[in-house]
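# A look at the structure
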Amino acid sequence: MAWARWGCCPWLVLLCACAWGHPKSVDLQGEDVRNCSTSPPYLPVTAVNTTAQLVALRQQMHTLNLSAYIVPDTDAHMSEYIGEHDERRAWITGFTGSAGIAVVTTGKAALWTDSRYWTQAERQMDCNWELHREGNIVTWLLDEVPAGGLVGFDPFLFSIDSWESYDTALQGSDRQLVSIEANLVDLVWGSERPPVPNEPIYALQEAFIGSTWQEKVADIRSQMQEHREAPTAVLLSALDETAWLFNLRSSDIPYNPFFYSYTLFTDSSIRLFVNKSRFSSETLQYLNSSCTGSMCVQLEDYSQVQDSVKAYASGDVRIWIGTSYTTYGIYELIPKEKLIEDTYSPVMVTKAVKNSKEQALLKASHVRDAVAVIRYLVWLEKNVPKGTVDEFSGAEQLNKLRGEEEFFSGPSFETISASGLNAALAHYSPTEELHRKLSSDEMYLVDSGGQYWDGTTDITRTVHWGTPSAFQKEAYTRVLIGNIDLSRLVFPAATSGRMVEAFARKALWDVGLNYYHGTGHGIGNFLCVHEWPVGFQSSNIAMAKGMFTSIEPGYYQDGEFGIRIEDIALVVEAETKYPGTYLTFEVVSFVPYDRNLIDVSLLSPEQLQYVNRYYQTIREKVGPELQRRQLLEEFAWLQQHTEPLSARAPHSASSVSLSAVSALAILSWSV
């Protein structure tokens, strides 16, 4: 999926057009928006009345003598997705987009979000709120907050970098940033606030793990012993860190199998901060929770993490943290001289490199996922010409097909199902109320993924069932060339992704085209669909054997169409003529590209050879699975769409009927 935006846009002081991950709901269709300049103001039925919320919040602010209060859109673990329990910004503003920050003063309320969500915000917010499409949040605060004023924030919803940015910008202004431990939105939300999830926390079966939790703990302890600054403890704040370390999963966070937790472990103890009531007796036994040895997990209540960290930090200790996912609230509990700070914790870096079993598991999940996507493409080819498919029903059908796959747990993000001009919005997702019909005369982009017990998947394909324009074919082929050139690249070990990212863009740059989102991101084993710190951003770590990353160039023609081609690839050792340690990528997504959109004349012989080898791999990996399950029509489709390309113009995939090819497939099967 296109990551427009990674890394480094924690909604700091400046408004920036980036946000992590897939939007929860990107609906930019419809023109029924508010008009606050009329008397009385016009509000669409989708607008939310926030008067009562703001009155109550300002009463809390008055009690604390605050001139302003900042409401970000995150949780205490800096999660990409957040649960309903943490959707404070949405509740106070009425705006449900996945990126944005709200600021409330005694007299005004303002929201900053990026261009993906401007129309959505105008449809959902009432006239209590100003929508800022650009500008500096601190500059606005300096204009609205009087000298001597206090600007409040919840330290457990601010990253360390965010706090430092705001604090630095306000220094010398006679305004002060004030940490308020009790979240004021929570206080006024009261009993209406959704409860904390309470579903069971369970251990993964041995078949779906690469190492036991004891082996993982021992590995991190070994890294502690080898560290030059001799840490005595590691503190984990990101939810996927604890889930990975103990091979535990649950369902607290949408699209992510995580549970609210922290972990603090030393060379002789392990403390897991969590709601203990959510564990079965079997899982408690699995964690050795009834003993006190170095490989026994002591369970402490989630709410006790602050007191426990503070108490531990009072001793002669050195605590190793990853600053990217540690909130300022945790950070300020630990004296600076007792901190060992890295951008990413040792757990975050270690889990980025998959061992051989984890690699095999993730590959297997992609074979089954390819079956679901191929079934969906076949279904589209049959039903789109009938005029019975829209963007939303298509996404629902794809989820249904994935749900029929073994070990499926749920989608890994909200499906981006975009037809025609909607595909030009890189992160558009349809709703049940607002969507477009799919048409044989338009491009269709589908970016989707699944969570399986053995792996997480993410794949994007762009198709056209009719006659694409010459420009559409050229743009698609140049995006494909970028995907190919990066996928087949050979580069020195320990090379940073940002050093090679331009290979995905060169074919577009050659003719003055480009795309404005990230080129790839890491992916987990039944964990995050966006797994840091792997990828092609400046803030990502160097590529290493065993990492998985997406490769996803694109092109978007405003108001007309969008193209993205995304594969997941494993970093492997490259075979070179001369000795040396070099790496390359092995693609593990197994769905063919749209032949109808490829202009073969633009491909070099090497690129053509690469595609044909890839198609042969798809036949070898997915064909037997389709045959085993007697999916004859899909097998016929696969055979047709993976025919080797030649230097002559490719024939249209629609020139041969599915029924005819199905008959051939059945015949070949019986031979």
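Residues numbered from 1 in each chain as written. Predicted model: local features only at pLDDT ≥ 70, side-chain atom pairs only at ≥ 80, totals over all residues. Heavy atoms only, no water.

The tally for this structure, following the rule as stated, stands at 31 salt bridges. Residue E404 is joined to K400 by a salt bridge in which the shortest nitrogen-to-oxygen separation is 3.1 Å. Overlapping salt bridges, with partners in common, bring together D86, R88, D186 and R193 in one network. (Salt bridge = Lys/Arg side-chain N within 4 Å of Asp/Glu carboxyl O.)

Most often, soluble globular proteins have nonpolar side chains that are buried together. Formed by 119 residues in total, the largest nonpolar core has its most connected members in F246, L272, L287, L380, F585, I598 and V622. In this structure L380 touches P385, V389, L438, Y444 and W465, once residues within four positions along its chain are discounted. (Core = buried A, V, L, I, M, F, W, Y, C linked by side-chain atoms within 4.5 Å. Buried < 20%, exposed > 50% of the residue type's maximum accessible area, 1.4 Å probe, protein only. Contact = heavy atoms within 4.5 Å.)

With that out of the way, let us pick up the side chain of S589. Along the chain, S589 falls in the loop between β28 (582-587) and α17 (605-628). What makes S589 buried here is its relative accessible area of 2%. Reaching out from S589, the side chain makes a polar contact with the backbone nitrogen of I568 at a distance of 2.8 Å. Those residues within four positions of S589 in sequence are excluded, and the remaining contacts are H366, D458, I459, D567, I568 and Y614. (Helix = DSSP H or I, 4+ residues; strand = E, 2+ residues; numbered from the N terminus. Polar contact = N/O pair within 3.5 Å; in protein donor to acceptor, adjacent residues only side chain to side chain.)

Take the environment of F258 next. Relative to the elements of secondary structure, F258 occurs in the loop between β9 (248-249) and β10 (262-266). Of the residues examined, F258 reaches a relative accessible area of 4% and is grouped as buried. When neighbours within four sequence positions are excluded, F258 is seen to be in contact with L239, D240, A243, S250, S251, D252, I253, L527 and C528.

Looking only at helix α5 (residues 160-170), the buried set comprises I160, S162, W163, Y166 and L170. End-on, the buried residues of α5 take up no more than an arc of 165°, which puts them together on one face. With its phi angle positive at about 80°, G172 sits one or two positions after the end of α5. (Arc of directions from axis to C-beta.)

Moving on to the packing of helix α4 (residues 137-144) against α5. Where α4 meets α5, the axes come as close as 10 Å, and the angle between the chain directions of the two elements is 45°. By the criterion of interaxial angle, the relationship of α4 to α5 is oblique. Like other packed secondary-structure pairs, α4 and α5 cross with a definite hand, here right-handed. In contact with I137, V138, L141 and L142 of α4, α5 contributes Y166, A169 and L170. Here the contact of α4 with α5 is composed, by residue class, of seven nonpolar, no polar and no charged. (Axes fitted to C-alpha atoms, helices over the stretch in contact; angles between N-to-C directions. Parallel < 35°, antiparallel > 145°, perpendicular 65-115°, else oblique. Left-handed = near helix turned anticlockwise from the far one by under 90°. Nonpolar A, V, L, I, M, F, W, Y, C, P; charged D, E, K, R; others polar.)

Turning our attention to the side chain of R505. By the element assignment, R505 lies in the loop between β21 (491-492) and α16 (506-509). The buried category is assigned to R505, whose relative accessible area is 9%. Setting aside its immediate chain neighbours within four residues, R505 contacts N514, Y515, H517 and T519.

Here we come to the UniProt feature "domain: Peptidase M24 C-terminal" (unreviewed entry) in the chain. In the numbering used here, UniProt assigns the feature "domain: Peptidase M24 C-terminal" (unreviewed entry) to residues 582-645. End C-alpha atoms of residues 582-645 are separated by 29 Å, and the span's content is 53% helix alongside 9% strand. (UniProt positions renumbered as here; feature names shortened; annotations may be inferred.)

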